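Report on the structure
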Amino acid sequence: MNKAIAILSIGLGLIFCTPQIIRAEEPPLSQVKLTEINTIWGEDEQLWGTVENPGDKWALIRAISYSLRYLDTPKAAEVYNNYPIPGITRDRVRRSLIRFKELLKTAKTPEELQTAVQKEFILYQSQGNDNQGNVHFTGYFEPVYTASRQRTQEYIYPLYRQPKNFESLAKPHPTRLELEGKDGLGNSSIIKGNELVWMRDRLEAYLVHVQGSAKLKLIDGKTISIGYDGSTDYPYVSIGKELVNDGIFALDKLTLPVLIDYLTKNPQQLSNYLPRNNRFVFFRETNGAPPQGSIGVPVTAERSIATDKSIMPPGALALIKTQIPYTTKTGEMETKLVSRYVLDQDTGSAIKGPGRVDIFMGTGKTAGDRAGLISNTGQLYYLLLKN
């Protein structure tokens, strides 16, 4: 996410973070032995689709073009000049994307694509959170909520612009409690007067802070988009983890829908738990632009991931193997094990170490429902052309 989705908007996964085991002496990526590669590939069925559900091959091609755009920037040159993994260079990442894009355009069948990719590419695997390659996957999305330009009796919870004097504020910055009050209304806030919009649901307003961007349907009929425009200098604190620590939920029973249901039925707990996360986000209007990743390009539903950009190659082509929920014809959620080609285009304040990946699931309620159910283990590989 530009800094929008980038720093804080990493999704519903941030609601319930899992602890990471990181051993600094181990490199975050290691080349997969050639004898093991053939057992890793799996057909990316979503590329080709069915009669009922068209594939998204051209969405992936467009996402690759976005990564190539990033790789041509001075920022990319600077990042890759200091990238610590031998063999992973900006030029090699760029050539790999160009060739994979050509193969996507010319392959007539899934088998033809897989044969060519296996012949021409090698894999680097993330060491995961246990140095055994196990990665924890979560999902994030761009929410769509209702809002008002003016405060009304119904729309009372503000989202704020960044104050003009924000950069000059002394540190430590004011806490969330000091900025919006225990009730979230901000009636005595030191940033009063910087309200961008008002929302009618306090939890929805907080989730915009977590996601870092949103589409807002205004009560006058217009729709606007907002994105991240700075935050206070505090680490992210997961309210889901706080609920687990307080014994209200077991970690393996907590999903975003469960968390939302609990806080909806117990609204008094919002004043208890939300102030525990001092990281406070400011927003700006983005004039309808799609949500952006931390490398400054749009993120693509189910084709963009967020990782720790201090150790993972930005813009690179990757292959993930994990479970993702899908909506059935009857409206139920069904989880499937998938192999999916993705682009590493984002990051997040809670996405740390080689054992965390957040998948961008798209915009709106269905995307949010699916994102909120992703909390699974899987594997992460990066694809690079053979030298």
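Residues numbered from 1 in each chain as written. Predicted model: local features only at pLDDT ≥ 70, side-chain atom pairs only at ≥ 80, totals over all residues. Heavy atoms only, no water.

What follows covers the environment of Phe100. If you trace the backbone, Phe100 turns up in helix H6 (residues 90–106). Note on Phe100: relative accessible area 0%, which makes it buried. Measuring from C-alpha to C-alpha, the distance between Phe100 and Gly87 comes to 18 Å, with 13 residues separating the pair along the chain. Apart from the residues lying within four places of it in its own chain, the contact partners of Phe100 are Leu60, Ile64, Val117, Phe121, Leu317, Tyr341 and Leu383. (Helix = DSSP H or I, 4+ residues; strand = E, 2+ residues; numbered from the N terminus. Buried < 20%, exposed > 50% of the residue type's maximum accessible area, 1.4 Å probe, protein only. Contact = heavy atoms within 4.5 Å.)

Turning our eyes to something else, we now look at the side chain of Asp346. Relative to the helices and strands, Asp346 is located in strand S12 (residues 333–346). Among buried Asp, Glu, Lys and Arg side chains, Asp346 stands out as unpaired, with Lys309 the closest opposite charge at 6.6 Å. Of the polar contacts made by the side chain of Asp346, one reaches the side chain of Tyr140; its length is 2.7 Å. (Lys, Arg positive; Asp, Glu negative; His and termini not counted. Salt bridge = Lys/Arg side-chain N within 4 Å of Asp/Glu carboxyl O. Polar contact = N/O pair within 3.5 Å; in protein donor to acceptor, adjacent residues only side chain to side chain.)

Moving on to the nonpolar core. Proteins that are soluble and globular tend to have nonpolar side chains buried together. Judged by nonpolar contacts, the single largest core of 63 residues is most densely connected at Ile88, Phe100, Val117, Tyr341, Leu380 and Leu383. For this core, the element with the most residues is helix H4 (residues 57–71), which contributes eight residues. In this structure, Ile88 is in contact with Leu29, Tyr80, Tyr83, Val93, Tyr124, Pro313 and Leu384, ignoring residues within four places of it in sequence. With 36 residues, the next largest nonpolar core counts Tyr145, Leu263, Leu270 and Phe283 among its residues. (Core = buried A, V, L, I, M, F, W, Y, C linked by side-chain atoms within 4.5 Å.)

Take unusual backbone geometry next. Among all residues except glycine, the phi angle is most often negative; among peptide bonds, the trans geometry is most common. In this structure, Pro172 follows Lys171 across a cis peptide bond, with omega equal to 5 degrees. Residue position: Pro172 is located in the loop between strand S5 (157–160) and helix H8 (176–180). Here the phi dihedral of Asn131 falls at roughly 60 degrees; this positive angle occurs in a residue that is not glycine. Among the structural elements, Asn131 can be located in the loop between strand S2 (121–126) and strand S3 (135–142). Not every positive phi belongs to a glycine, and Glu302 is a case in point at roughly 65 degrees. With a relative accessible area of 9%, Glu302 lands in the buried category.

The strands making up a sheet are joined through hydrogen bonds of the backbone, oriented either antiparallel or parallel. Strand order in the open sheet formed by four strands is S4-S7-S8-S9, and the pairing between neighbours is mixed. A strand with exactly one partner marks an edge of an open sheet, and here the two such strands are strand S4 (144–147) and strand S9 (281–285). Ignoring which end each strand starts from, the neighbouring axes of this sheet average 40 degrees apart. Two elements, strand S8 (residues 223–231) and S9, share four bridges in a ladder whose sense is antiparallel. Along S9, the bridge assignment pairs Ser231 with Val281. (Pairing = 2+ DSSP bridges. Axes fitted to C-alpha atoms, helices over the stretch in contact; angles between N-to-C directions.)

Scanning all chains against the criterion turns up 19 salt bridges. A salt bridge links Arg95 to Asp91, with the shortest nitrogen-to-oxygen separation between them at 2.9 Å. One end of the pair, Arg95, and the other, Asp91, are both in helix H6, four residues apart, so they sit about a helical turn from each other. Residue Asp91 is classed as partly exposed on the basis of its relative accessible area of 45%. Notably, a salt bridge pairs Lys365 with Asp369, separated by 2.8 Å at the nearest N-O pair. Taken together, the residues Lys365 and Asp369, both in helix H13 (residues 365–372) and four residues apart, mark about one turn of the helix. Using a relative accessible area of 64% as the deciding quantity, one classes Lys365 as exposed. For Asp369, a relative accessible area of 29% translates into the label partly exposed. One salt-bridge network, held together by shared partners, links Asp44, Asp56, Glu302, Arg303, Arg340 and Arg370.

At a closest axis distance of 9 Å, the pairing of H6 and helix H7 (residues 110–120) adopts a crossing angle of 160 degrees. Considered as vectors, H6 and H7 are oriented roughly antiparallel to each other. Our pair here, H6 against H7, has a crossing hand that is right-handed. Within the contact between the two elements, H6 uses Arg99, Phe100, Leu103, Leu104 and Thr106 and H7 uses Glu112, Leu113, Ala116, Val117 and Glu120. Here the residues of the contact of H6 with H7 sort into six nonpolar, one polar and three charged. (Parallel < 35°, antiparallel > 145°, perpendicular 65-115°, else oblique. Left-handed = near helix turned anticlockwise from the far one by under 90°. Nonpolar A, V, L, I, M, F, W, Y, C, P; charged D, E, K, R; others polar.)

One pass over the structure, following the stated rule, counts eight aromatic pairs. Through successive ring pairs, a cluster of aromatic residues spans Tyr160, Phe166, Phe280 and Phe282. Sitting above the plane of the Tyr326 ring, Lys336 keeps its charged end 5.2 Å from the centroid. Over the ring of Tyr326 we find Arg370, and its NZ or CZ is 4.7 Å from the ring centre. (Phe/Tyr/Trp six-rings, centres within 6.5 Å; stacked < 30°, edge-to-face > 60°. Lys NZ or Arg CZ within 6 Å of the ring centre and 35° of its normal.)

Let us look at H4. An ideal rise of 1.5 Å per residue puts 21 Å on 15 residues; H4 measures up with 21 Å between its terminal C-alpha atoms. Most of H4 is tucked away: eleven of the 15 residues are buried. Three or more residues of H4 are buried, namely Lys57, Ala59, Leu60, Ile61, Ala63, Ile64, Tyr66, Ser67, Leu68, Tyr70 and Leu71. In the core, the buried residues of H4 are packed alongside helix H3 (45–48), helix H5 (74–81), H6 and S12. (Expected span 1.5 Å × (residues − 1).)

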